[in-house]
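# Analysis of the macromolecular model
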Amino acid sequence: RPTTTFMPSTSQPTVSPIFDSLCALQQLDVIFVLDDTCVVSTRECNQRNHGLSQLIASLKQSTEPRVAYMSYNNEINVHVQLGNEYFNALNSDAGASVIDEYVHVLKAQTCNAQTVRGSATLYDALTAALQHFEQHFVEGRHKKIVLLNACDSGSSSITSLDPCDISLYVGDDAVEVTVVNIDVDDGDVDKTYMQCLSETHNHQNEEQRLFQLASTESGAFENIIHAFSDVVCDENTLPSMPPTPAPITTCTEIGDECGDSTECCPDDDGDEDETVLVECSTI
């Protein structure tokens, strides 16, 4: 998987407008995953890259939070790693701005200009993103994925597994997903595409993590900036893996032991001579 190694340049390309970053206050890792399987024009490509720059600039000015960028077409491409020592250095000067140079990397990316759609799928990309969190794991940091969808590229080409069925955990840490569907008026993606992923780990504010952009125009991205940054910069709703429920065991007679730290419950009528099937209770 290709990666981008970046060092500061002498020129300073700018992104406009620049937003204050709320995410810098959080211990936060974010991976942006862009669907590049659809064929797009050069104009649409440039607009989409500019819009992506606006979204990332709304979260990040300095090296905090850590933000990675991946895309997928015929394979999964990692353009900026979470562990990038320039853009995402955890021990650097918190006041050092890196966003202009990050934007330079984003706007330099090409899009799918072929005549056919790419073969990689969202399932493949999500799996790769979760593995990327594992490879660059830092204890105590919240984990978020931002999906930018321009196509319906859901199931795995090998197993036909549904992205909605992916376990969104890295170890015991929950991974929240925010979904941004692009060009829903005239493009190849439905407004509610992958809403299932935006609902996971967020049962109170599901709609807030699903965004629909009518087009690839800059204004469409700018319209969601503040709501988008508020949602992504918020702490994870469920920061850890829920406990596995204990198995229910049964016994057939009063006084039988059902297993460790359990004992048989009496039947309702208290008749100890009657053989009954009752659930055990924990002592």
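Located above this text is the structure these notes cover.
Our subject in this report is the structure included herewith. Computed from a predicted structure; not experimentally measured.

## Describing the packing of aromatic side chains
In this description, an aromatic ring pair is defined by two values, namely the gap between the centres and the angle between the planes. Tallying each qualifying case throughout the model produces four aromatic pairs. Ring geometry for Tyr 86 versus Phe 87: centroids 5.2 Å apart, planes at 65 degrees, classification edge-to-face. Ring centres 4.8 Å apart and planes at 45 degrees place the aromatic pair Phe 87 and Tyr 102 in the tilted group. You can see Phe 87 sitting in the loop between strand S3 (76-80) and helix H2 (99-107) and its partner Tyr 102 sitting in helix H2, a full 15 residues away along the chain. Following the ring pairs from residue to residue traces out a cluster consisting of Phe 32, Phe 211 and Phe 228.

## Quick notes on the layout of surface pockets
There is about 170 Å³ of room inside the largest pocket. Looking at the largest pocket, it is lined by 13 residues, and the ones nearest its centre are Val 40, Glu 44, Ala 150, Asp 183 and Gly 187. Grouping the constituent residues of the lining of the largest pocket by class yields six nonpolar, two polar and five charged.

## Focus on the nonpolar core
Phe 32, Tyr 102 and Phe 228 are the most contacted members of the largest nonpolar core, which has 35 residues in total. When sequence neighbours within four positions are dropped, the list of residues in contact with Phe 228 reads Phe 32, Leu 55, Ser 58, Leu 59, Val 146, Thr 178, Val 180 and Phe 211. Counting 31 residues, the second-largest nonpolar core is a separate cluster that includes Ala 128, Val 175, Val 177 and Leu 197.

Reading the values: the criteria
- Residues numbered from 1 in each chain as written.
- Predicted model: local features only at pLDDT ≥ 70, side-chain atom pairs only at ≥ 80, totals over all residues.
- Heavy atoms only, no water.
- Phe/Tyr/Trp six-rings, centres within 6.5 Å; stacked < 30°, edge-to-face > 60°.
- Helix = DSSP H or I, 4+ residues; strand = E, 2+ residues; numbered from the N terminus.
- 1 Å grid on protein atoms, 1.4 Å probe; cavity = no way out; pocket = protein on both sides within 12 Å on 5 of 7 lines; lining within 4 Å.
- Points joined across faces, edges and corners; volume = space filled by probe spheres on them.
- Nonpolar A, V, L, I, M, F, W, Y, C, P; charged D, E, K, R; others polar.
- Core = buried A, V, L, I, M, F, W, Y, C linked by side-chain atoms within 4.5 Å.
- Buried < 20%, exposed > 50% of the residue type's maximum accessible area, 1.4 Å probe, protein only.
- Contact = heavy atoms within 4.5 Å.

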